[in-house]
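Here are the chains, one letter per residue:
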Amino acid sequence: MSHHGVVRGWSRRRPRSLRATVLAVVTVLLTSVAAVVAPAPAMAADSAYVMAYFKESLSGAGNVNSVHLAVSSDALEWTPLNNNQPILTPTVGTRGIRDPFLFRLNDGTWVLAATDIPVGGNFWAPNPNIHIWTSRDLVNWSSDRLLNVNWPNPNSFTWAPSIYWDAGRNQYGITFSTVPTGRDHSVIMVVYTSNFVNVTSPVVLFDGGPAGVIDSHLVTNVDGTNYLYYKNNSPSTLQGARSNSLNPGSFTRYTNGTGGGCIEAPTLVKSLTSATWWLWGDTFCPNSVFLAWQGDIVTGTWSPVDQRTYTPPLNAKHNSIHPISATDRTNLLNRYGGTTAWNRLKSWNLPGSYVRHANGVGRIDAMPFDPYQDSQWRLVPGLADPAGVSFESVNQPGRYLRHANYSVVLAANDNTAGFRADATFHRVAGLANSGWSSFRSHNFPTRYLRHQGNQLYIHEIGDATGRADATFRVGY
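Presented here is a report on the structure given in the accompanying data block. What you see is a predicted model, and the numbers here were worked out from it, not measured in a lab. (Residues numbered from 1 in each chain as written. Predicted model: local features only at pLDDT ≥ 70, side-chain atom pairs only at ≥ 80, totals over all residues. Heavy atoms only, no water.)

Thoughts on the overall build of the protein chain
Okay, so step 1: Helix and strand content of the protein chain: 5 helices and 32 strands.
Okay, so step 2: Looking at the protein chain as a whole, 52% of its 476 residues qualify as buried.
Okay, so step 3: When contacts within the protein chain are restricted to residue pairs at least 6 apart in sequence, long-range pairs at least 24 apart make up 52% of them.
Okay, so step 4: Total accessible area computed for the protein chain in this model is approximately 20400 Å², and 51% of it derives from carbon and sulfur atoms. (Helix = DSSP H or I, 4+ residues; strand = E, 2+ residues; numbered from the N terminus. Buried < 20%, exposed > 50% of the residue type's maximum accessible area, 1.4 Å probe, protein only. Contact = heavy atoms within 4.5 Å. Areas by Shrake-Rupley, 256 points an atom, 1.4 Å probe, with all protein chains shown as cover.)

And the structure:
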């Protein structure tokens, strides 16, 4: 374009000396070359992570097919933004999304792609489109628009887009799951784009065989090798393939499969402080449970991560995770807030379980369950002592956890001194782990909140089992 501009400008000017003309052209060319080779502004070092997800609950009552974001300093413990409410709401297509994938482009800006399916929509409905949003800073977003990536396959779905940079093509690849015309099983296809407006015709990137594969995440150039993770349909596991190139058809499976049963949506995450990789997987029976593994992407060996060490956002589904800078994290927190209007209490020794109320009884149960709001609490200043804490139910406001004959129940505040004392606890360092919390009764100070047989009590604690039962993590 620069050269054309020079020619057009030259044709309109009066003739001048050959020497002047040559000098002018050389100057323009040198300026153009300098503009091309000038390095892009350095991006700040990454020090945190952002997660994109949509939401579902066990019964479907909590389904929200919109884009949500959360932040983390370690890629394991997550703080949902905007009170776990949508950041982006789809306005085109079916006006619903699933499987949001967030990716930072080479110029430091961001793109978010997602499947076009509404709440209650037909997964299998033919649809060639995906949603696209762009942003310069993760806070200010473009309008929602559709990108047709799968027009040669008019009878198929277009699921779970993901994005990577293909340096050899000097373009971005967008992968997705579909059944190509003439085949009877799902494969991973790819289109290429430089602007997320125009794309090439889709081609098969990876065919995992007659059982079919879906849900891809491609990580490029890990010591010269590219890794493609996906869900294998039978057996239902997360598997990995690798290639020294990014050429379609070049990837070869190298793992035996991770997880099993009802697992999908692999997400790969590299630690910012060590050589560790994590592999996240999303379950769909039961729904709304994330599993995570820790391992080595090069060897493809993965071991389960202790649920004590990671907590995804409540009801999160099919996530993508990307490193961000401290500035990015600050901007997100400033815009959307870094706390929620509620908390959840995770059990130390049953870390898949959370404090909840059910039929007026305080207990712990393994997630997921509905109403999921039974596990949400407002931690308010203690009713009997503002230095303590009381647990007010989110979905039954005005009702608090209190002890009665040493059992813990949910009851309406009658504003008596006895109720206020029974409903007040003092938060102390966790009896089993000082990084967690334990809660000492206000009016029975030798007793602590603990679970036993899944129900909550206040007990005197005298052994390791009791200390473990009385330890909780206050999170989201």
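Past the structure itself, the notes keep going.
Some details on the nonpolar core
Okay, so step 1: With 22 residues, the main nonpolar core has Leu 69, Leu 102, Leu 112, Trp 141, Ile 324 and Leu 332 as its most contacted residues.
Okay, so step 2: Put simply, the parts of the chain that give this core at least two residues each are strand 1 (46–55), strand 2 (64–72), strand 4 (97–104), strand 5 (110–116) and helix 3 (326–336).
Okay, so step 3: It is strand 1 that contributes the most residues to this core, 4 residues altogether.
Okay, so step 4: Apart from the residues lying within four places of it in its own chain, the contact partners of Leu 102 are Val 50, Ala 52, Leu 69, Trp 110, Val 111, Leu 112, Leu 138, Trp 141, Ser 320 and His 322.
Okay, so step 5: Counting 18 residues, the second-largest nonpolar core is a separate cluster that includes Val 149, Ile 163, Tyr 172 and Phe 196. (Core = buried A, V, L, I, M, F, W, Y, C linked by side-chain atoms within 4.5 Å.)

Focus on the sheet that holds strand 17 (residues 277–284)
Okay, so step 1: As summarised here, the arrangement of the 4 strands in space is 16-17-18-19, forming an open sheet in which the pairing is antiparallel. Each end of this open sheet is capped by a strand with a single partner; those strands are strand 16 (263–270) and strand 19 (301–304). Across the sheet, the mean angle separating the axes of adjacent strands is 30 degrees when strand polarity is ignored.
Okay, so step 2: Direction of pairing for strand 18 (residues 287–296) relative to strand 19: antiparallel, over a ladder of 4 bridges. Bridge assignment links Gln 294 to a residue of strand 19, and that residue is Ser 303. (Pairing = 2+ DSSP bridges. Axes fitted to C-alpha atoms, helices over the stretch in contact; angles between N-to-C directions.)

Let's talk about the pattern of salt bridges
Okay, so step 1: Summed over all chains, the structure comprises 12 salt bridges.
Okay, so step 2: Residues Glu 77 and Arg 473 are paired through a salt bridge, measuring 3.0 Å at the closest nitrogen-oxygen approach. Here Arg 473 lies in strand 32 (residues 472–475) and Glu 77 lies in the loop between strand 2 and strand 3 (79–80), a separation of 396 residues in the sequence.
Okay, so step 3: One salt bridge in this structure joins Arg 356 and Asp 365, with 3.3 Å as the shortest N-O distance.
Okay, so step 4: For Arg 356, a relative accessible area of 10% translates into the label buried. (Salt bridge = Lys/Arg side-chain N within 4 Å of Asp/Glu carboxyl O.)

Details of the state of the cysteines
Okay, so step 1: In this structure the tally under the stated criterion is 1 disulfide.
Okay, so step 2: Two residues share a disulfide in this structure: Cys 262 and Cys 285, whose sulfurs sit 1.5 Å from each other. For the disulfide bridge between Cys 262 and Cys 285, the dihedral angle about the S-S bond is near 40 degrees, and by the sign convention the bridge is right-handed. Pair noted here: Cys 262 is in the loop between strand 15 (252–253) and strand 16 and Cys 285 is in the loop between strand 17 and strand 18, with a separation of 23 residues, a long-range link.
Okay, so step 3: According to the relative accessible area criterion, Cys 262 is buried, its value standing at 17%. (Disulfide = S-S within 2.5 Å.)

A few points about the sheet that holds strand 11 (residues 203–206)
Okay, so step 1: One open sheet holds the 4 strands; their spatial order is 8-9-10-11, and the pairing between them is antiparallel. Each edge of the sheet is formed by a strand with only one pairing partner; in this case those strands are strand 8 (159–166) and strand 11. Neighbour-to-neighbour, the strand axes of the sheet open up by a mean angle of 35 degrees, direction not taken into account.

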